[in-house]
Amino acid sequence: MKTSDGKKRRLRLGMVGGGPGAFIGSVHRLAARMDDRYELVAGALSADPAKSRAAALELHIPAERAYGSYAEMAAAEAKRADRIDAVSIVTPNHLHFGPAKAFLEAGIHVICDKPLTTTVEDAVALAGMVRKSGLIFGLTHNYTGYPVVRQAREMLADGELGRIRVIQVEYAQDWLTTAVEATGHKQAVWRTDPAQSGPAGSLGDIGTHAYNIACFVTGLRCEQVAADVSIFVPGRRLDDNVHTLLRFEGGARGMLWASQVATGNENNLRLRVYGEKAGLEWGQENPNYLKFMPYGKPPVTISRAGAGATASAKDASRIPSGHPEGYLEAFAQLYTDLAEQIAARNEGRAPIAAAMLVPGVREGVEGVQFIAGVLESSHKNSGWVKLPTTG
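Just so you know, the residues in each chain are numbered from 1, in the order the chain's sequence is written. Two thresholds apply to this predicted model, a pLDDT of at least 70 for residue-level local features and 80 or more for giving and counting side-chain atom pairs, whereas whole-chain, interface and lining totals are computed over all residues. Calculated side-chain values reflect all of the structure's heavy atoms, with hydrogen atoms and water omitted.

Draft legend 1. Representation of the packing of aromatic side chains within the structure. Here the aromatic set is Phe, Tyr and Trp, taking the six-membered ring for Trp, and pairing holds for ring centres within 6.5 Å; pairs whose planes are under 30 degrees apart are stacked, those over 60 apart are edge-to-face, and all others are tilted. Inspection of every chain in the model, using the stated rule, returns seven aromatic pairs. Ring geometry for Tyr143 and Tyr146: centres 6.2 Å apart, planes at 20 degrees, overall stacked. Exposure classes here rest on a 1.4 Å probe applied to the protein chains alone. A residue is buried below 20% of its type maximum, exposed above 50%, and partly exposed in between. Residue classification places Tyr143 among the buried residues on the basis of a relative accessible area of 4%. Arranged with centres 5.7 Å apart and planes meeting at 75 degrees, the rings of Tyr327 and Phe331 form a pair that is edge-to-face. In this pair, Tyr327 and Phe331 are both assigned in helix H11 (residues 327-347), four residues apart and thus about one turn of the helix distant. Among the aromatic residues, those joined into a cluster by ring pairs are Tyr143, Tyr146, Tyr171, Trp282, Tyr327 and Phe331. Only when the NZ of Lys or the CZ of Arg is both within 6 Å of the ring centre and within 35 degrees of the ring normal is a charge said to sit over the ring. One residue, Arg153, lies across the ring of Phe216, its end atom 4.5 Å from the ring centre. Under the DSSP-based scheme used, a helix requires at least four consecutive residues in state H or I and a strand at least two consecutive residues in state E, with every element numbered from the N terminus.

Below you can see the structure in the form of structure tokens.
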């Protein structure tokens, strides 16, 4: 994006949510600034108007753009000559739909945390708004920003694994092993509250990440699910453990496990894919390496920016191999890709192909449909449920 004198400028970013005590807000702000593509200039950071304005001032947002609500922010920014280019929505799940709708109607691009919404109806409605508006909508399934995850996707698309047979994905944590929500822990309180999190707990929080990365890497659509959804901690209102069988198009079969009561696990997202010719494995806690296992040959470890790294992996890498990149860099990759999409739109050119890998509203709808299908299956004693086809 260029200024009137032809110089490139940072994109102007606004934020909804992410105020005092919010973990994910600071993550989004760091990710947005890492590659120097954005400047945070406006915010409605809390549901409390006074806290919202105070938090914005602490982040050096100008007073006139420190808003008391997202509705006020959308209306005011739409009228400004220097309006924000995009808004980042980092609220609890129940407050994704309203802000997204408001900013789309204001003609502003949207970057939204997952899951897209708390109901399938809202997700489908939001997808319709995005299509009608023609605006850019990014969904921050940040694990898709890891270099070797993108390499794995490229390898599968190129047929290096052959026809896919088995997909195993799991996301195991232990931070909700006890009823920490009863202690007032902010992140636990809203994630275990149906009014804020929606109908799913661990399923919506981390199960959607596992589901998304399985579909992202393989390029396959899941057609049916059979699930067992559990609550292990007494008094908890939303699930803390989920086991799901998956039937993919083309005959591939899979299993997904998401748990926040898996004692001894910190943030253990792991994907394994097996085809007729080869298999691969990747784990988020050691994310710079991809294990590739061709049938009948020794396994190969591919590093993020070393020998064997493909163009898609190198494009998403920032520093030489041997220097670890992780969670924040993967998050930053999505912001940088969306910045490229927005800048290309503003400059009347096509974005680079690698920038188009960011999940969007379609993946968001599929994630919410997955949640609904898993919950329906569990209510039917783990019977098979067909997932809708997303257009």
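Draft legend 2. Highlighting the sheet that holds strand E12 (residues 289-294). Spatially, E13-E12-E11-E10-E6-E9-E8-E7-E14 is the arrangement adopted by the nine strands of the open sheet, whose pairing is mixed. The open sheet has two free edges, formed respectively by strand E13 (300-303) and strand E14 (385-386), since each of these has just one partner strand. For two strands to pair, DSSP has to find at least two bridges joining them. Alignment of E12 against E13, held across four bridges, turns out to be antiparallel. From the neighbouring strand, Lys291 faces E13, where its bridge partner is Thr301. A contact between two residues is defined here by any heavy atoms of the two lying within 4.5 Å. Lines fitted to the C-alpha atoms define the axes, with helices restricted to the stretch that makes contact. Angles between their N-to-C directions range from 0 to 180 degrees. Sheet contacts for helix H6 (residues 147-157): strand E6 (164-172), strand E10 (268-275), strand E11 (278-283), E12 and E13; angle to E12, the most-contacted strand, approximately 25 degrees.

Draft legend 3. Fine view of the pattern of salt bridges. Salt bridge, as used here: a side-chain nitrogen of Lys or Arg that lies within 4 Å of a carboxyl oxygen of Asp or Glu. Counting across every chain of the model gives 24 salt bridges. The residue Asp205 makes a salt bridge to Arg191 at a minimum N-O spacing of 3.1 Å. On the criterion of sequence distance, the pair formed by Asp205 in helix H9 (residues 202-218) and Arg191 in helix H7 (residues 186-191) is long-range, its members being 14 residues apart. Among the charged side chains, a network of salt bridges with common partners joins Arg65, Glu77, Arg80 and Asp82.

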